[in-house]
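Each chain is listed here by its residues.
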Amino acid sequence: MGISTEVSTASPTAQEIWQRCLEVIQRNLGANQAPIQTFLSAVQPISLQQSVLTLRVPSQFFYEYIEEHFSPLIVRTLRRLLGPKARLEYQVMTAMEAAPMRLPSQELPPPMVFPGLRPSQPFPTNLNPKYTFENFIEGECNRLARSAGMSVAQRPGQTAFNPLFIYGEVGQGKTHLVHAIGNYARLLHPDKVILYLTSDRFVQEYTDSVRSKKVSDFLQRLQSVDFLIVDDIQYLVGKASTQDMFFHIFNHLHQKSRQIVITADAHPSELKSMEERITSRFAWGLAAPLYPPDYETRLAILRFKLRQEGVEIQEEILSYLAENVQSRVRDLEGVVIQLLAETSIRRRELSLSLAEQVVSRFKPLRTRAITVENILKAVSNYFKIHIDELTGKSRRKEVAHARHIAVYLARKHTRHALKALGEYFGGRDHSTILHSCQWVSEMLPIDQELNRHVQDLERILFRSA
Ligand code: ADP
Ligand code: MG
């Protein structure tokens, strides 16, 4: 413990102390720092009083995440810098705080209005008010994207998540989520100009502007936006000049700290249809995945959507549905609609056998059950590690990594109990299995390589199932 860890000023500020904590965290992270740094940059140190450092975090998720992963390190650092009584406290930003106009008026100065100075929202936002955060169910599969989305809606352009790049396969909720982000941003910042465009629409409008010789109007309009959302960027193809135009607008907005949110069907590094100079910029902010929904999330989404439609359903039938419609959120909605049709129009009773019939109609989309054997085979092929080694005792780093992933996938996609899974994995006990699952779920939001491995494997499994 060297002198250098002491803070030299008589009374350090919260900012200084937090900076030191960040340095310590960085030193302790090793590889794969970028996502964590991005993550931590959304945290604001707001006060330091009597050895208590208070951090302001964008959401409950950030709080839990930091508490779980970094708090021992942070507290140790604080104690070293400030003495044994040092503590860490959090302030979780609420929607109310971020939306001052919703607070009781006596607590707020009257809003300053400069009529005519800047017409707020001079053109349609294209936002669909029906997609909100309230009806976007949170789960393991979307936690990072959802939480980062809330942060950028609260502090557009002011977080490190710029651009916020949300990626996932079709039907996983990208469009819903970005509309929710836009709607929330609009509620919190009525003075900001928000624009949602699909990339098809972008191409269309740009092409029209070329045809009618109004390119500079088009450019001006897009560059005046405070919050730009472009959905399905993978379709931004066509003439090279279209991508040029996008590149130009992107740079302009980014430089002015306007918020940019983009969605795509793949991670920026896999967007083959786009120029590298553009996709490499997507990595400036945060790339957050939307995964196929896990069992718990499927259950929650079904429950929510059925309740919304006023359908009563037995838990047993609900869990049958959640177990058997595994692929996409959109299919879960399909199931709900069909059940509704059967029960309300054809007046059938909502029984397990009706549920089975409805599920069987989703056959082409519904995946055959994924088995532990399939998972072991896929993981073994993917990492070029023999199955015996995966289920064996080896502690080699690569083997342990692959094994963690296999266990995690088995837990997520099969319905075996921990104990039974332990048997598949060479007679490990249930706590070892649980530990692997926890490790992977905890690392997924921050470890992009792990992320990619899991996603690749899920793709392989769903394709072959
Ligand atoms: P994508 O743009 O990724 O293809 P969408 O946003 O169109 O997917 O989502 C497909 C459907 O699933 C939409 O009707 C959307 O409302 C619904 N959906 C997706 N994710 C969720 C979620 N987490 N909670 C509730 N509904 C969701
Ligand atoms: Mg979409």
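Now for a quick tour of the structure. Quick caveat: nothing in here was measured; it's all calculated off a predicted structure.

### Remarks on the pairing of strand β5 (residues 194-198)
With 4 of 5 residues buried, β5 is to be regarded as a mostly interior element. Where β5 meets strand β6 (residues 227-231), 5 bridges bridge the pair, whose relative direction is parallel. Looking across to β6, one finds that L197 is bridged to V230.

### Concerning the packing of aromatic side chains
Per the stated rule, a full pass over the model turns up 11 aromatic pairs. Between F202 and F218, the aromatic rings sit 5.5 Å apart at their centres with planes inclined by 70 degrees, giving edge-to-face as the arrangement. Residue F202 is found in helix α8 (residues 199-211), and its partner F218 is found in helix α9 (residues 215-223); the two are separated by 16 residues along the sequence. Take F202: its relative accessible area is 0%, and that puts it in the buried class. By relative accessible area, which is 4% here, F218 ends up buried. Arranged with centres 6.1 Å apart and planes meeting at 45 degrees, the rings of F246 and F250 form a pair that is tilted. One end of the pair is F246 and the other is F250, both in helix α10 (residues 240-255) and 4 residues apart, which spans about a single turn.

### Some words on the environment of L22
Structurally, the position occupied by L22 is in helix α1 (residues 14-29). Between the C-alpha atoms of L22 and S41, which are 19 residues apart in sequence, the distance is 9.3 Å.

### Some points on the nonpolar core
Counting residues in each nonpolar core, the largest one holds 53 residues, and the members touching the most others are W18, I74, L164, I166, I181 and V261. When we break this core down by domain, the ones giving at least three residues each are domain 1 (14-92) and domain 2 (143-290). When near neighbours in sequence (up to four residues on either side) are disregarded, L164 contacts A148, G149, V152, I181, Q259, I260, V261, I262, L286 and A288. One finds Y206, M245, F250 and A266 within the second-largest nonpolar core, a separate group that totals 32 residues.

Here is what the cut-offs are and how they apply
- Residues numbered from 1 in each chain as written.
- Chains lettered and ligands numbered in written order.
- Predicted model: local features only at pLDDT ≥ 70, side-chain atom pairs only at ≥ 80, totals over all residues.
- Heavy atoms only, no water.
- Buried < 20%, exposed > 50% of the residue type's maximum accessible area, 1.4 Å probe, protein only.
- Helix = DSSP H or I, 4+ residues; strand = E, 2+ residues; numbered from the N terminus.
- Pairing = 2+ DSSP bridges.
- Phe/Tyr/Trp six-rings, centres within 6.5 Å; stacked < 30°, edge-to-face > 60°.
- Core = buried A, V, L, I, M, F, W, Y, C linked by side-chain atoms within 4.5 Å.
- Domains from an automatic or database assignment.
- Contact = heavy atoms within 4.5 Å.

All quantities given are derived from atomic positions and should not be read as evidence of function.
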